[in-house]
Amino acid sequence: MTEMTMARLDEWMIILYAVSLVFYFTDYVKRNTYLHYCAVFLFAVVFIMQTTTIVARVIQHGQLPIYTLLDGVYIIAWLLLLVSLLFYTFHSYNLILFIMNSIGFVFMTIHTFGVAQRASLRVSEMLISELLLIHIVFAFLAYVAFAFAFAFAILYLIVYRLLKKKIWTKQFDRYPSLHQTTVGMKRSIYAGIPLLFISLLLGLQWAQVVLEEWSVFDPKVWMSFLVVLIYSGLVYLKKIGRLRANDFAWSVLIAFLFVLVNFFVASQWSSFHYWM
């Protein structure tokens with residue numbers, strides 16, 4: 001395989017791996033058979049692509065690609081995915097599979113950015129630029145998901161107030177039910193958390209490769225992690241019954257304020273995140 005072909009395969013594996021993790025996380029917190037099978041299917045596709053590249057390297061070089069650090073990282077990512085798929089065949093411990101494949105995704109991103117450093121200038125610039133694009137797109141998708149949660153929270157509070165005060169307006173039939181708004185909030189957050197977390201992992205790898213000086217304590221970085229923790233905390237408290245629906249809606253509204261601060265304010269304080 002040519003260097004450009006390998007780079008393209010790595011890109012697609014990163015994208016498919018990331019999407020499968022989003023599906024798997026959503027299935028874990030809110031059982032969804034369709035998303036579960038979609039996640040497993042995408043994992044299998046990534047595994048086939050990884051196996052194909054390994055076989056191609058063996059045919060090309062006449063030996064297993066295990067003698068350099070980057071090759072070792074790639075083989076570990078492949079083995080993690082292999083074991084995960086075998087484990088899935090005999091057991092249904094979703095959390096273990098999610099953790100193992102999250103680790104595999106981290107190893108895959110390390111390998112991809114490592115290859116970008118050692119590739120030819122044209123391929124390196126292309127790969128780093130497009131991985132940065134993936135990082136930005138996933139971050140924006142996460143912000144959109146959290147915005148939907150915010151909108152559903154507003155609708156919930158409006159409908160709750162109308163029902164409590166028994167106000168029946170002409171527009172009342174156009175509002176969703178309390179159950180529908182609650183489901184909308186939860187599903188939006190379920191999508192936003194893994195999207196933002198994956199974006200963070202890709203962004204950290206990009207900073208490690210491209211920037212000479214950067215810090216994990218950069219306002220944009222720690223604020224993004226804080227947003228992930230806040231929404232994860234809301235999901236956990238809701239799941240164990242510590243947040244009732246009305247309190248959950250207010251919490252979602254407050255959490256979105258942190259998203260806005262992260263997007264507009266933290267970017268201005270960041271040493272390497274800024275708007276032109």
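See the structure above.
Here's what I pulled together on the structure shown here.

Analysis parameters
- Residues numbered from 1 in each chain as written.
- Predicted model: local features only at pLDDT ≥ 70, side-chain atom pairs only at ≥ 80, totals over all residues.
- Heavy atoms only, no water.
- Helix = DSSP H or I, 4+ residues; strand = E, 2+ residues; numbered from the N terminus.
- Polar contact = N/O pair within 3.5 Å; in protein donor to acceptor, adjacent residues only side chain to side chain.
- Buried < 20%, exposed > 50% of the residue type's maximum accessible area, 1.4 Å probe, protein only.
- Contact = heavy atoms within 4.5 Å.
- Phe/Tyr/Trp six-rings, centres within 6.5 Å; stacked < 30°, edge-to-face > 60°.

**Some points on the side chain of His135**
Reasoning step 1: Residue position: His135 is located in helix 5 (residues 121-164).
Reasoning step 2: At 2.6 Å, the side chain of His135 forms a polar contact with the backbone oxygen of Ser199.

**Some words on the side chain of Ser188**
Reasoning step 1: By the secondary structure assignment, Ser188 is in helix 6 (residues 178-210).
Reasoning step 2: Relative accessible area serves as the criterion here: at 11%, Ser188 is assigned to the buried category.
Reasoning step 3: Residues within four places of Ser188 in sequence aside, it is in contact with Ala145, Phe148, Ala149 and Phe152.

**Points about the packing of aromatic side chains**
Pairs of aromatic rings are described using the distance from one ring centre to the other and the angle between the two planes.
Reasoning step 1: One pass over the full model with this rule turns up 10 aromatic pairs.
Reasoning step 2: Taking 5.8 Å as the distance between ring centres and 10 degrees as the angle between the ring planes, the aromatic pair formed by Phe47 and Trp78 counts as stacked. On the criterion of sequence distance, the pair formed by Phe47 in helix 2 (residues 33-61) and Trp78 in helix 3 (residues 69-90) is long-range, its members being 31 residues apart. With respect to burial, Phe47 and Trp78 carry one shared label: buried.
Reasoning step 3: Taken together through their ring pairs, the aromatic side chains of Tyr17, Tyr24, Phe43 and Phe105 make up a single cluster.

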